[in-house]
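These are the residues of each chain, in order.
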Amino acid sequence: MIPMMYISSYMFQVPSSGYTKMTFVNITTGCVAFLLIQILSTPDLGLVDIGNTLHWIFLIVPHYSLGTGIRDAYSVYFYNNECSSFFDNCKSQCNNCTQEDCFNFLPSVREYCENLDPNYYKWESPGIGRNILFSVIAGFIFLILVFMIEHKLFSNLKYRIQQKYFKRLHVEVQDEDQDVQMEKCVIRDTQQDVLLRQYNIVIKDLTKYYKSNLAVNGLCLGIKNSECFGLLGINGAGKTTTFKMLTGDVKISSGDAWVRGRSIKSQLKEMQKLIGYCPQFDALLDDLTARETLRMFALLRGIPESDCDKVSEKLAADFDYLEHLNKQVKELSGGNKRKLSTSIALIGDPPVIYLDEPTTGMDPETKRYLFNALCRVRDGGKTIILTSHSMEECEALCTRLAVMVNGIFKCLGSTQHLKSRFAEGYTLIIKVKKPKDSAADLHASTEEIKKFVCDNFQKSELREEYEEMLTYYVTDKSIPWSKMFGILEKGKQSDLNIEDYSLCQSSLEQVFLTFTRQQNHVNDEQSP
Ligand SMILES: Nc1ncnc2c1ncn2[C@@H]1O[C@H](COP(=O)(O)OP(=O)(O)OP(=O)(O)O)[C@@H](O)[C@H]1O
């Protein structure tokens, strides 16, 4: 019964509800089968043969086997008891009587006691031999199934069949950015052994389909030592899926990736020894202290027990949570949990580190501390890949980054390179003065300001209009700063309803917004 419960546990996410539901299902199936066989065994119905056949089949159901076993064992006990007291009584009243004489005194007993076999474990009913054998066989079968599922035999088999007969390849992208194309050419055209010598991480045509959804489409990338590569993108762009493929959490649909020459497809276990991973959601045990958690992972990483404390304290000091080291995980703040998760990724000094949104939930000061710590790690020769929604994080840490949209790279390069290519110009933000009277007045003021910007900055583009805020992207770099401020000051002094304005150089955020807007469009089109 226990292995069967274990197998069914794969069908549920929450242990308590899974246990309750499976107990309910087991008891119900046991009771229904028991009642059904009892009814079919009634001779008047003429269905005894069907009942007997079903009895053999139902013996595989743990609760049925248990229920009928208890019933049959009690029957044997009952008839043994009753028959022996009958014979004892009979012989006490008639000293020389044989068994046959006793049956002649009370003929109705003959049916039950004449061929009574007192053995509980006999094969034929009411013995429980069949029940025991079937329960043992079922137990073994379910146990073997558990091992097969645990060792991913079924999913590996399914994956191999899919790879051989139904492999789903990436889709070639039209009008791809030149940097992305160039990286693809390098990865596709260079000999594999040269690539693997040159780069710490090589990703070649990495593709993932979730049923018909192409979540990641043919990524190509090479990352060297002391590089921190950033994956930027809005929710659903495919960052986590890329990470999960790189860690071996999800199977690759096509393509391959290598970490220090170890292929994710064929040398997964060896590859996993080389990586440290900080997942998007903290995978920590609430009741352990931070020190115990670090110690546990250190032992798993093969660090000698005598060094565990030293390692834990060093990591806690590096990531600034030394004072919280002896607190239980459930007592830690969200930011400190992220620090703990990030430091777990560094245990054992892995050459490659994956960080999935490491600074989520951290205050700005803590973020800075983490950035500095990660910069030291990167400069120490490690390769880091991180995903983030934060431009600040990417600017601080990444030597190169890519913006991901709908599973493909839209642009690729260093922060400065991307800024120069895609965000040359200025960002102008104007706050419209809120009129006291009506919304119509606000609309009129906004339109007036839009006309003013349009007349004075010919190469400008309205990027965002939100309540009273207008955000422009001014691409004309020929106008000097002084002139631009002059124009805006004049506008503010005039009867235009400008409450405030700001003018600054365009940032990485502009690059991000330029590309991620495309994901919104696709999502909009896809949504019903
Ligand atoms: N287990 C899954 N089954 C089916 N589809 C999935 C699964 N996981 C992700 N997806 C889909 O794959 C696409 C990429 O999702 P993914 O989680 O990789 O995005 P992401 O960029 O990491 O987003 P976030 O920033 O929210 O973590 C989405 O369309 C998502 O719906």
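All values reported here derive from a predicted model rather than from experimental measurement. (Residues numbered from 1 in each chain as written. Predicted model: local features only at pLDDT ≥ 70, side-chain atom pairs only at ≥ 80, totals over all residues.)

*Asks:* So what exactly am I meant to see when it comes to the overall build of the protein chain here?
*Replies:* Of regular secondary structure, the protein chain possesses 21 helices and 14 strands. In terms of C-alpha radius of gyration, the protein chain reaches 36 Å, well past the compact-globule figure of 24 Å for 528 residues. By principal-axis analysis of the C-alpha atoms, the protein chain measures approximately 135 × 65 × 55 Å. Counting over 528 residues, the protein chain shows a buried share of 30%. (Helix = DSSP H or I, 4+ residues; strand = E, 2+ residues; numbered from the N terminus. Rg over C-alpha atoms; globule rule 2.2 N^0.38 Å. Buried ≥ 20, exposed ≤ 12 C-beta atoms within 10 Å, placed from the backbone.)

*Asks:* How should the UniProt feature "transmembrane region" (unreviewed entry) in the protein chain be read in this particular structure?
*Replies:* Under the feature "transmembrane region" (unreviewed entry), the UniProt entry names residues 21-40 and 128-149. A distance of 28 Å separates the end C-alpha atoms of residues 21-40, which is 100% helix and 0% strand. Helix makes up 95% of residues 128-149 and strand makes up 0%, while its end C-alpha atoms are separated by 31 Å. (UniProt positions renumbered as here; feature names shortened; annotations may be inferred.)

*Asks:* For this particular structure, what's the right way to read the nonpolar core?
*Replies:* Soluble globular proteins: nonpolar side chains tend toward being buried together. By size, the foremost hydrophobic cluster in this structure holds 74 residues, and its most contacted members are Y354, A402, V403, M404, C411 and V511. Counting 12 residues, the second-largest nonpolar core is a separate cluster that includes I430, V453, Y473 and V474. (Core = buried A, V, L, I, M, F, W, Y, C linked by C-beta atoms within 7 Å.)

*Asks:* Explanation requested: the environment of S135 in the structure shown.
*Replies:* Inspection of the secondary structure assignment puts S135 in helix α7 (residues 129-150). What makes S135 partly exposed here is the crowd of 18 C-beta atoms within 10 Å. Note: C-alpha distance between S135 and L206 (71 residues apart in sequence) is 47 Å. Excluding residues within four positions of it along the chain, S135 makes contact with P62 and S65. (Contact = placed C-beta atoms within 7 Å.)

*Asks:* Explain the domain arrangement of the protein chain to me, please; I cannot follow it from the model alone.
*Replies:* Reports often express the size of an interface as the amount of accessible area lost when the parts come together. Segmenting the protein chain into domains produces domain 1 (2-150) and domain 2 (424-506). Computed over C-alpha atoms only, the centres of domain 1 and domain 2 are separated by 86 Å. (Domains from an automatic or database assignment.)

*Asks:* Is there a simple way to explain the sheet that holds strand β12 (residues 460-466) in this structure?
*Replies:* Picture the strands of a sheet paired through backbone hydrogen bonds; they go either parallel or antiparallel. As summarised here, the arrangement of the four strands in space is β12-β13-β11-β14, forming an open sheet in which the pairing is antiparallel. Each edge of the sheet is formed by a strand with only one pairing partner; in this case those strands are β12 and β14 (498-505). Direction aside, the axes of adjacent strands within the sheet are offset by 20° on average. Looking at chain direction, strand β11 (residues 426-432) and strand β13 (residues 469-474) are connected through six bridges and run antiparallel. (Pairing = 2+ DSSP bridges. Axes fitted to C-alpha atoms, helices over the stretch in contact; angles between N-to-C directions.)

*Asks:* Just checking my understanding: could you explain the site of the ligand for this structure?
*Replies:* Inspection of the region around the ligand gives Y210, N213, A215, G233, N235, G236, A237, G238, K239, T240, T241 and Q280 as its neighbouring residues. Of all elements in the fold, only β2 (213-223) and α11 (239-247) reach the threshold of two or more residues within the shell around the ligand. In terms of residues, the shell around the ligand owes the most to one element, α11, which gives three residues. Classifying every residue of the shell around the ligand gives three nonpolar, eight polar and one charged. (Near = placed C-beta within 6 Å. Nonpolar A, V, L, I, M, F, W, Y, C, P; charged D, E, K, R; others polar.)

*Asks:* Whenever I open this one, the packing of helix α13 (residues 290-300) against helix α14 (residues 305-318) confuses me. Can you help?
*Replies:* Each packed pair of helices is defined by two parameters, the angle between the axes and the distance between the axes. Between α13 and α14, the least distance of the axes is 9 Å, while the angle of their chain directions is 125°. It follows that α13 is oblique to α14 by the angle criterion. Both α13 and α14 take part in a crossing whose hand is right-handed. Where α13 abuts α14, its residues A290, R291, L294, R295, A298 and L299 lie against E305, C308, V311, S312, L315 and A316. Grouping the amino acids of the contact of α13 with α14 by side-chain chemistry returns eight nonpolar, one polar and three charged. (Parallel < 35°, antiparallel > 145°, perpendicular 65-115°, else oblique. Left-handed = near helix turned anticlockwise from the far one by under 90°.)

*Asks:* Help me understand unusual backbone geometry, please; the structure alone is not making it clear to me.
*Replies:* Excluding glycine, residues mostly carry a negative phi; peptide bonds, for their part, are mostly trans. Going from S125 to P126, the amide bond is cis rather than trans, its omega being 5°. Tracing the backbone through its elements, the reader meets P126 in the loop between α6 (110-113) and α7. One non-glycine residue with positive phi stands out, namely R260, at about 45°. Along the chain, R260 turns up in the loop between β4 (254-259) and β5 (262-263). Of note in the backbone geometry, D349 takes a positive phi value of approximately 55° without being a glycine. Note on placement: D349 falls in the loop between α15 (334-346) and β7 (352-356). Look at D349 and you get partly exposed, because 13 C-beta atoms sit within 10 Å.

*Asks:* How do you make sense of the pairing of strand β3 (residues 228-232) when you look at a structure like this?
*Replies:* As a general feature of sheets, a regular strand has side chains that alternate between the two faces. Burial analysis of β3 places five of its five residues in the buried class, the great majority of the element. Of the two faces of β3, the one holding C228, G230 and L232 and the one holding F229 and L231 are both buried throughout. Examined bridge by bridge, β3 and strand β8 (residues 383-388) share five bridges and lie parallel to one another. Residue pairing across strands places G230 opposite L386, the latter belonging to β8.

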